[in-house]
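Coordinate inspection notes
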Amino acid sequence: MMSARAEPCGSFGVRSAQVNDGRLSVDNAANMQDLTRRQVFRLLKRYRKDGAAAIRHKSRGKIPNNQIHKAKRDYALSLIKEQYPDFGPTLAAEMLAEHHGFKVSHETLRKWMTDDGLWLSRKQRRRFHQPRLRRECFGELVQIDGSDHRWFEDRAGPCTLLVFIDDATSTLMELLFVKSESTFSYFEALESYLLKHGRPIAFYSDKHTVFRVAKEDAKDGARMTQFGRALNQLNVEILCANSSQAKGRVERANRTLQDRLVKELRLAGISNMVDGNIFLPAFTERFNAKFAKAPANPNDLHRALNIEPDRLSEVFCLRDKRHVTKDLMLKYDRRRIKLEVNDLTRGLVGKYVDIYEYSCGRIQVRANGVVLPHSILNPERKITHAAITENKRLSAVLDHIKTEQDKAPPKVKVKPVSAKNGYVKTGRRPPGGPSKMEPYYARKRAEREVRAASQSSDI
């Protein structure tokens, strides 16, 4: 039953009139209003003296004692409009406290910004639901993704941020700025992750070709990408999601980072990937302190590395097999590789050898684990007109093409095939009768001689 403070004054005013007229007993009025008899007598005394209006609460219509002054509210909103126009209430409250010494709760600031039209309420924004429960243990499942975005706004071109986030705790495990999503960029981020935390049970990714073989009828490589082969050596599983909603943890983290990280990079004055990667560890620590959750199970399922750390470079490289021809030649990535003649290479004719390509561009040829001496006949590689380029790598490929075109020498005049073969005109005419066009040719030669003579006289 409602109390006198919660119930409108008119309701108790009617009952006070009934008690005052003797139509309702004090005990019944106290039970109906959930009050004591003494409080009923106090309210009845007020009613008899000043009428029903006297029963209202005395604080009604008064300014609360803890209300923030309007001048402070206007000052905070002016700072947000000038310096943080696209900040959310939570981040804006942090910036006001950190840089301006103005402390206000983010919920109070949210109400101010909503009333002033600087922020939309939750009902006015799209909702994202999270149907799948978290994994129980830390290190059981790590979601990975790359977010292509203008992280440095107009201060630099767009680039990609590789994000590794733990599914059980929403802890950012690894962040790395790279040019684009590629096998070597994920190798770099994965190596840093393993050295910091160890081996997780599994990674959860999208269907990017770094993680999954796109061809259904692929026969070579046991339907395993280079990244999958490296994880197989490390005894780590890779799982691919059917949709972006399935790996919503990392997708929501990307959206949060595109808001908070971009603005913190702006405030720190960072405009390139090198300085950005130096800035990321401190940002990751602050981010995890604010948003990381406690796991349902306290066990950490990360495992120690199963190979020596100095041998990780042999895992995080591109590997393939190539056939050795009779002249000890093999082809790899539009390059011709010639093996040096020795006792070991003589027995490799008609067999397959292993090719190791490292992130620096260095290539090794190995047979049964032994490095073979070799030379590359055409080390220059160019992107051909028929190259297949994924959308996620298009920006990086175009930048590379532009750089190569700027370095290319000017084009020379195309020579006919006869000139390439060494043909030189002798001036002798072929045998046969005079041509019907000979008068025309003679007239043209005379005109050219006259023009040449006039030009020489002018000089």
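First, a word on what this report is: a plain description of the structure on this page. (Residues numbered from 1 in each chain as written. Predicted model: local features only at pLDDT ≥ 70, side-chain atom pairs only at ≥ 80, totals over all residues. Heavy atoms only, no water.)

1. Brief notes about the overall build of the protein chain
Stated formally: Every helix listed is a DSSP run of H or I at least four residues long, and every strand listed is a run of E at least two residues long, numbered separately from the N terminus. For every residue, the accessible area obtained with a 1.4 Å probe (protein chains only) is divided by the maximum for its type, and the residue is called buried under 20%, exposed over 50%, and partly exposed between those limits. It only takes one pair of heavy atoms within 4.5 Å for two residues to be counted as in contact. Values of accessible area rely on a 1.4 Å probe in the Shrake-Rupley scheme; residue burial ignores everything except the protein chains shown.
Of regular secondary structure, the protein chain possesses 14 helices and 14 strands. Classification of the 459 residues of the protein chain by burial places 33% in the buried group. For the protein chain, long-range pairs separated by at least 24 residues make up 65% of all intrachain contacts whose partners lie at least 6 apart in sequence. Per element, the accessible surface of the protein chain, about 29900 Å² overall, is 52% carbon and sulfur.

2. Considerations on the nonpolar core
Defined as follows: The criterion is simple. A nonpolar core is a set of buried Ala, Val, Leu, Ile, Met, Phe, Trp, Tyr and Cys residues joined through side-chain atoms within 4.5 Å.
Counting 39 residues, the largest nonpolar core has Phe 164, Phe 203, Phe 227 and Phe 316 as the members making the most contacts within it. Element by element, the count of residues in this core is highest for helix H7 (residues 183–197), at six residues. For Phe 164, the residues in contact, after removing those within four places along its chain, are Val 142, Gln 143, Ile 144, Thr 171, Leu 172, Met 173, Glu 174, Tyr 186, Ala 189, Leu 190, Tyr 193 and Phe 203. Core analysis: the next-biggest nonpolar cluster, separate from the first, contains 20 residues, Leu 161, Leu 257, Phe 279 and Leu 280 among them.

3. Some words on unusual backbone geometry
Of note, the phi angle at Asp 333 is positive, near 55°, even though the residue is not glycine. Looking at where Asp 333 falls in the secondary structure, it is placed in the loop between strand S9 (329–332) and strand S10 (335–339). By relative accessible area, which is 28% here, Asp 333 ends up partly exposed. One non-glycine residue, Arg 334, lies in positive phi territory at about 60°. With respect to the helices, strands and loops of the structure, Arg 334 is situated in the loop between S9 and S10.

4. Some details on the packing of aromatic side chains
To keep it simple, the criterion reads: The aromatic pairing rule takes the rings of Phe, Tyr and Trp, using the six-membered ring of Trp, and pairs them if the centres are within 6.5 Å, calling planes under 30 degrees apart stacked, those over 60 edge-to-face and the rest tilted. As a reminder, the over-ring test applies to NZ of lysine and CZ of arginine, requiring each to be within 6 Å of the ring centre and within 35 degrees of the ring normal.
Inspection of every chain in the model, using the stated rule, returns 17 aromatic pairs. With a centroid separation of 4.9 Å and 50° between ring planes, the pair formed by Tyr 84 and Phe 87 is classed as tilted. Each member of the pair, Tyr 84 as well as Phe 87, is classed as buried. An aromatic cluster is defined as three or more aromatic residues linked by ring pairs; in this entry it consists of Phe 184, Tyr 186, Phe 187, Phe 211, Phe 227 and Phe 316. We note Arg 362 situated over the ring of Tyr 358; from NZ or CZ to the ring centre the distance is 4.3 Å. Above the plane of the ring of Tyr 356 lies Arg 366, whose end atom (NZ or CZ) is 4.3 Å from the centre.

5. Overview of the packing of helix H2 (residues 26–33) against helix H3 (residues 37–50)
Let me state the cut-off plainly: Angular values range over 0 to 180 degrees, each being the angle between N-to-C directions of two axes fitted as lines to C-alpha atoms, with helices fitted over their stretch in contact. Any angle that falls under 35 degrees is termed roughly parallel, while one over 145 is termed roughly antiparallel, one within 65 to 115 roughly perpendicular, and all others oblique.
Between H2 and H3, whose axes approach to 9 Å, the crossing angle comes to 100°. Judged by the inter-axis angle, H2 sits roughly perpendicular to H3. Along the contact surface, H2 presents Val 26, Asp 27, Ala 29 and Ala 30, while H3 presents Arg 37, Val 40 and Phe 41.

6. Here we look at the pattern of salt bridges
We apply this condition: Here a salt bridge means any side-chain nitrogen of Lys or Arg lying within 4 Å of a carboxyl oxygen belonging to Asp or Glu.
Per the stated rule, a full pass over the model turns up 25 salt bridges. For the salt bridge of Arg 286 with Glu 264, the shortest nitrogen-to-oxygen distance reads 2.5 Å. In this pair, Arg 286 sits in helix H10 (residues 273–291) while Glu 264 sits in helix H9 (residues 248–268), placing the two residues 22 residues apart along the sequence. For Glu 264, a relative accessible area of 14% translates into the label buried. Of the charged contacts, one joins Arg 335 and Asp 333 as a salt bridge, the two residues approaching to 3.9 Å between their closest N and O atoms. One continuous salt-bridge network, built from bridges that share partners, spans Asp 86, Glu 153, Arg 155 and Arg 266.

Any functional reading would require information beyond the geometric quantities listed.
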